[in-house]
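Observations on the three-dimensional arrangement
Spelled out from the first residue to the last, the chains are:
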Amino acid sequence: MSRNHLRSPCCEDDRKASGRCAPRRVALLAVGCGVMIVALNACLNDSQSIALLDSSSITAPGSRGYALYQANCAACHGASGRGNGVAAIALKIRPRDFWNEPFRYVSTMDGIPTSDDLAQTIRSGRLLGEMPASPWLSDEDVRALAEYVLEFNRLGWVERLSGDESMSAADVEEIASDRVTPLEPIVVSMPSPDFRPSSEVGRSLYVQACASCHGPSGRGNGLNMPLDDRGRQVTVRDLTSDPIRGGASPTELFKRIRCGVPGTPMPAQPALTDDQVWQLVFYTRQLMGRPLGQTNP
Amino acid sequence: MLSITQLLALLTTALLAAAHATQPKTNDGYTPTTVSNGGTIVGAVTYDGPTPERRPIEVATKEEVCHKDPIYSETLVVSEDNGLRWAVISIAEINTGKPFPDPENPDTRPTLDQKGCTFTPHVVVVPRQHPLTILNSDGVLHNVHTWSRRNRAKNVAMPGMIEEMKLKFRRTETIRVTCDIHPWMEAWIVITDHPYNAVTDENGAFKLTDVPPGTYMLRMWHESFGPMEKEITVRSNEETRVEFALSKADRLKEGNKNGQ
């Protein structure tokens, strides 16, 4: 069945009304109903991106990830992964547009998630991000979904780079693959034996490396008009009261502080030592009002 | 269910991805030799058209170092004689010639400093796979946030106590760099695959030395104008003069956000 064939009936009106095509009726029916979702998919995209989706064995209908994704994820992330599913409107936090946004919760220094990073988001959901956990999925299902959403991201690069005349089709393919191939994840090792968490040391590191953005007392009020990579306003996390979306465990905080939050102003910190990052982890927990015990970092 | 072809395609993608991860492109397209009888390309880039009045940017921060000297936009800097600063001049394609500058020598290594809450210089040229030295002379927190397409994105913090850091880029590209903490800060990193590049000075002048004799396309790029090319011929031990004269019609309508 051709996707183009299904395109016109459901989206012309919406497109005129909003400039963007996301018909509610169809989409509501779509949850749990594969065929209707294909129809929605067709509505949301111009023929070029449909061609891209069909060209990939990972996102083409019939792949393992396809059915799982349409059933569990499309309602929020959109049938074709552009973050514009029906339920997205009701969410305080935008579901990720897999084509155009980087992933944020990573354990690598180049901002590209490993399959494990994605699996962790998919399995346990994202706090406050309103992304639900999916404990019923098997490990293979989670892997298939991780691969599936990463493929959207690769196709996003193919789409953007194709507009550049100075690049051959082979260059586009090569660079797009490169931009979704992560470096080795960082090693989160235990602090050194003589490490002692210290509010003073933590505070002084915080002042030097974080306060310009998170504010002197962690209230997230350091920056004037912070923007994400797409030029939309973001809020610097208020460390004293906002939930930590990527997870507040010491290990997750270590990764966020070391690797940064790609796509947002929050930078990676390659120059700090492991012990300095651990001091910051302890200090962040202190700001959160949930200090960690001395024995259990 | 996956068909055999789909499986094969999947496998190939996986294998290709793995290959890419382990074999970054190097400068192997260029072979350094000794150039004994090279010629010189000299010239200037000029702009004859309206320029915005140059007045200091309002700097919204309490940090003292950001107020030591007035800060100006470097987007369009034109001298009294119409010389255009910060234009990049490169030979479009050249496979052999003089060696690259020593990346370890503090006098010649490509360097981007964060000083007085500006990036200096505003335009820096770096051969791909060579280290770019990033300095922080300010002693306050900056972040180096690159807006690359061909190269992987980088957003790295440079806290005040860190004085030096190195970055490397794998592919040729002209990349905009910003700092989220000081949003007026902006620079361009030009990643090249040969050493025949120059950035115009405050008079719009440039010079390329030790160019092997031959006919080349000479490329000019400036963030407010986009690229322009001219065919030139270089003769042994001679000077070739080239002028790029720009006018209002050549201005980009909107600012350049990615360096193509």
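One can find the structure itself at the top, above this paragraph.
In this report, the structure presented in the accompanying data block is examined. Computed from a predicted model, the values in this text were never measured in an experiment. (Residues numbered from 1 in each chain as written. Chains lettered and ligands numbered in written order. Predicted model: local features only at pLDDT ≥ 70, side-chain atom pairs only at ≥ 80, totals over all residues. Heavy atoms only, no water.)

1. A closer look at the environment of Thr51(B)
Residues and elements named next belong to chain B. Our working rule: Secondary structure follows DSSP: runs of H or I at least 4 residues long count as helices, runs of E at least 2 residues long count as strands, and numbering of each begins at the N terminus. Exposed residues in this analysis have more than 50% of their type's maximum accessible area, buried residues have under 20%, and partly exposed residues fall in between, with area computed by a 1.4 Å probe over protein chains only. Whether two residues are in contact is decided by their heavy atoms, any of which lying within 4.5 Å being enough.
Assignment of secondary structure puts threonine 51 in the loop between strand S2 (39–48) and strand S3 (88–91). Threonine 51 sits in the partly exposed class, given a relative accessible area of 40%. Between the C-alpha atoms of threonine 51 and threonine 133, which are 82 residues apart in sequence, the distance is 33 Å. With sequence-adjacent residues up to four places away left out, threonine 51 is seen in contact with Leu76 and Val78.

2. Quick word on helix H12 (residues 250–259) of chain A
Residues and elements named next belong to chain A. With 9 of 10 residues buried, H12 lies mostly within the body of the structure. Turning to H12, its buried residues number three or more, namely Pro250, Glu252, Leu253, Phe254, Lys255, Arg256, Ile257, Arg258 and Cys259. Looking at the buried positions of H12, the neighbouring elements they touch are helix H7 (115–124) and helix H13 (274–287). Directly after H12, the chain includes glycine 260, whose backbone phi takes a positive value near 75°.

3. Focus: the pattern of salt bridges
Threshold: Only one rule defines a salt bridge in this text: a Lys or Arg side-chain nitrogen within 4 Å of an Asp or Glu carboxyl oxygen.
This model, assessed by the stated rule, comprises 26 salt bridges over all chains. In this structure, Asp238(A) and Arg219(A) form a salt bridge, with 3.3 Å as the shortest nitrogen-oxygen distance. Of this pair, Asp238(A) sits in the loop between helix H11 (211–214) and H12 while Arg219(A) sits in the loop between H11 and H12, and the two are 19 residues apart along the sequence. The class for Asp238(A) is buried, based on a relative accessible area of 10%. Residue Arg219(A) is classed as partly exposed on the basis of its relative accessible area, which comes to 47%. The shortest N-O distance in the salt bridge between Glu164(B) and Arg109(B) comes to 3.7 Å. Residue Glu164(B) is found in strand S11 (residues 164–167), and its partner Arg109(B) is found in the loop between strand S4 (96–97) and strand S5 (111–115); the two are separated by 55 residues along the sequence. Glu164(B) sits in the partly exposed class, given a relative accessible area of 40%.

4. Some thoughts on the sheet that holds strand S15 (residues 205–211) of chain B
All names here are of chain B. This is how it is decided: Note on pairing: DSSP must find at least two bridges between two strands before they are called paired. Throughout, an axis means a line fitted to C-alpha atoms (over the contacting stretch in the case of helices), and angles, computed between N-to-C directions, take values from 0 to 180 degrees.
Strand order in the open sheet formed by 3 strands is S15-S2-S18, with mixed pairing between adjacent strands. Edge positions in the open sheet fall to S15 and strand S18 (239–247), since each of these has one partner strand only. In this sheet, neighbouring strand axes are inclined to one another by 15° on average, regardless of whether the strands run parallel or antiparallel.

5. Examining the nonpolar core
Residues and elements named next belong to chain A. Condition: Residues enter a nonpolar core if they are buried and are Ala, Val, Leu, Ile, Met, Phe, Trp, Tyr or Cys, with the set joined through side-chain atoms within 4.5 Å. Bear in mind that the domain bounds are from an automatic or database domain assignment.
Ranked by size, the top nonpolar core spans 57 residues in total, and within it Tyr69, Phe103, Leu145, Phe152, Tyr206, Leu280 and Val281 carry the most contacts. Elements with a minimum of two residues in this core: helix H4 (47–55), helix H5 (64–72), H7, helix H8 (139–161), helix H9 (169–178), helix H10 (199–209), H12 and H13. Built from parts of two domains, this core gets at least three residues from each of domain 1 (4–178) and domain 2 (199–287). The contact partners of leucine 145, leaving out residues within four places of it in the chain, are Gly65, Leu68, Tyr69, Cys73, Ile122 and Leu137.

6. Things to note about the interface of chain A and chain B
Counted only if it meets this: Charged means Asp, Glu, Lys or Arg here, nonpolar means Ala, Val, Leu, Ile, Met, Phe, Trp, Tyr, Cys or Pro, and polar covers whatever is left, Gly included.
Tallying the contact residues gives 43 residues for chain A and 34 residues for chain B. Our enumeration of links across chain A and chain B arrives at 5 salt bridges. Counting residues per element, the ones that place at least two in the side of chain A that touches chain B are H8, H9, H10 and H11 of chain A. Classifying every residue of the side of chain A that touches chain B by side-chain character gives 22 nonpolar, 12 polar and 9 charged.

7. Focus on the sheet that holds strand S16 (residues 214–222) of chain B
All names here are of chain B. Across the sheet, 4 strands lie side by side as S14-S3-S16-S17; this open sheet has antiparallel pairing. Looking at the sheet topology across the chains shown, the edges are occupied by strand S14 (197–199) and strand S17 (226–234). On average, each strand axis in the sheet is tilted by 20° relative to the strand beside it, whichever way the strands run. In this structure, S16 lies alongside S17, joined through 9 bridges in antiparallel fashion. Following the sheet pairing, histidine 222 is matched in S17 by glycine 226.

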